[in-house]
Amino acid sequence: MPCPSSCPPGLLALMAPGLALMATFSLPSQAGDRRALPVEKPPGVKGRTLILLDVNTKSPVRIISENFLSLQLDPSIIHDGWLDFLSSRRLVTLARGLAPAFLRFAGKRTDFLQFHNVKNPAKSRGGPGPDYYLKNYEDARSLDKLYNFADCSGLHLIFALNALRRNPNNSWNSSNALSLLKYSASKKYNISWELGNEPNNYRTLIGRSVNGSQLGKDYTQLRSLLQLIRTYSRAHLYGPNIGRPRKNVVAFLEGFMKVAGGTVDAVTWQHYYIDGRVAKVTDFLKTRLLDTLSDQIRKIQKVVNTYTPGKKIWLEGVGMTSAGGMNNLSDSYAAGFLWLNTLGLLASQGIDVVVRHSFLDHGHNHLVDQNFNPLPDYWLSLLYKRLIGPKVLAIHVAGLQRKPRPGRVIRDKLRIYAHCTSYHNHNYVRGSITLYIINLHRSRKKIKLAGTLRDKIVHQYLLQPYGKDGLHSKSVQLNGQPLAMVDDGTLPELKPRPLRAGRTLVIPPLTMSFYVVKNVNALACRYR
């Protein structure tokens, strides 16, 4: 099946901007030991400079996947008519902008979909009408469309199989999955696999539960199936994609890891920050909310390291709000504060991949709306892909801390992360470093680059809301210029604003920004 005309064969990897190297930092608001390291004030720095910042350029503290920022499509989009819209040239252009990445096809409807190897199941069966099959079946034509979209966009498809087809003894009934596997193998589709979605929630969903040990056995069974099919004998398998790690969910994960910890290639879970039904714009500015993810990371890491030390961990299925999100809020500029901090925090903690739910039109947590228009988090993700790579560096900050008041934890509203600049971005030589900064203060903040970063030319990428809606805006501007697609096959050029060497960085209030420090010749960033 040919790609849309905007997809030149053989050039996907070159056209897809890569991740640049991410760096951890020493801000007191982050999890773990993040005490600010003292940096001596260099001569000539005036007293009005609030923050001195340096980066350890000798070696990375973490190395994450090239596909760190990845995407999810929810099966609910099958309602929109056999997935034909995935052939849209505009949609492929938008997806390709975020490659390389995984494309996970999973969501609440995962465990209600069944596969039928027919082109028109309603006609061939003579049973219920097409709408029934659109809601409950993944047919061969839809799978072809899905795979072609991923392949043409430079994305690697991860397909979650239905885990709720059960035998009387509650073991997994793999017959329908085997049919899908054989079909995709006959087409030589390069797919990775999962089984189920948020299995700890099955009792709430259908009144029937599957415990962690049983799901582990089911994954072992799936691995055996894959090994019987030559195309998938070495395919990757991920799971169990549990929900927020509360006490019962942690017990579920422990049961799973005992049985199938060595079977999966990465351990996955998902997280939503806010109940979308009650969210307010001020929620996205709360530092306590930004920090809630740290405790979850520790809980997941503790279980994984107990049973399979060193196993990769993915946050697979992250959204700013639950319940589908809220219009003019979870799809607005304000939601970007949570999204960018999530990326920085996960990379600094060594989480290998984060999968954003959803790329397209699921509630209001998506990156692209139903008219295929990119939303603020899309542009934020595009900047991240263009500038940030897989090596995480350590940041040294002085001047941020305040004396803590008794009985109160002071949480910073200025979040700073740093990485080696993306190897895929040919505008910058290897050895350059990218900082990205979240300013939740209602006043501007000044940062003076010190040490290895001092007196270097800096390129600024300042992302602000565009229009009169402020933080509620669904449009953004980069360095004062509104961002929009040039045409269906062309993304706009992301032009930096050059700052002279030695200039103090002035961070406007309630903004997100990226700064490429050129020609640092950082040892950690010279080689892949």
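For the structure, check the block above.
Residues numbered from 1 in each chain as written. Predicted model: local features only at pLDDT ≥ 70, side-chain atom pairs only at ≥ 80, totals over all residues. Heavy atoms only, no water.

**Q** I keep staring at unusual backbone geometry and nothing clicks. Help me out?
**A** Leaving glycine aside, a negative phi is the common case for residues, and trans is the common case for peptide bonds. Between Ala-99 and the following residue, Pro-100, the backbone shows a cis peptide bond with an omega angle of 0°. That bond from His-357 to Ser-358 is cis: its omega, 10°, falls within 30 degrees of zero. Following the sequence through the fold, Ser-358 ends up in the loop between β12 (353-357) and α13 (376-387). Located in the positive-phi region is Asn-241, a residue other than glycine, with phi close to 55°. (Helix = DSSP H or I, 4+ residues; strand = E, 2+ residues; numbered from the N terminus.)

**Q** Before we go on, may I ask you to explain empty space enclosed by the protein in this structure?
**A** Unoccupied space between atoms shows up once a probe the size of one water molecule is rolled over them. The final tally for this structure, using the stated rule, is two cavities of 30 Å³ or more. Of the voids in this model, the largest cavity is the one considered here, and its volume is about 110 Å³. Lining the largest cavity are 15 residues, with Leu-113, Leu-161, Asn-162, Asn-176 and Leu-180 sitting closest to its centre. Of the residues belonging to the lining of the largest cavity, the class tally is eight nonpolar, five polar and two charged. Approximately 60 Å³ is the volume found for the second largest cavity. (1 Å grid on protein atoms, 1.4 Å probe; cavity = no way out; pocket = protein on both sides within 12 Å on 5 of 7 lines; lining within 4 Å. Points joined across faces, edges and corners; volume = space filled by probe spheres on them. Nonpolar A, V, L, I, M, F, W, Y, C, P; charged D, E, K, R; others polar.)

**Q** Hey, could you run me through the packing of helix α11 (residues 292-307) against helix α12 (residues 336-348) in this one?
**A** Interaxial distance between α11 and α12 falls to 10 Å at its minimum, and their mutual angle equals 30°. In terms of their interaxial angle, α11 and α12 are classed as roughly parallel. The handedness of the crossing between α11 and α12 comes out as right-handed. Residue-level inspection shows Leu-293, Ser-294 and Ile-297 of α11 in contact with α12, the latter providing Thr-342, Leu-345 and Leu-346. (Axes fitted to C-alpha atoms, helices over the stretch in contact; angles between N-to-C directions. Parallel < 35°, antiparallel > 145°, perpendicular 65-115°, else oblique. Left-handed = near helix turned anticlockwise from the far one by under 90°. Contact = heavy atoms within 4.5 Å.)

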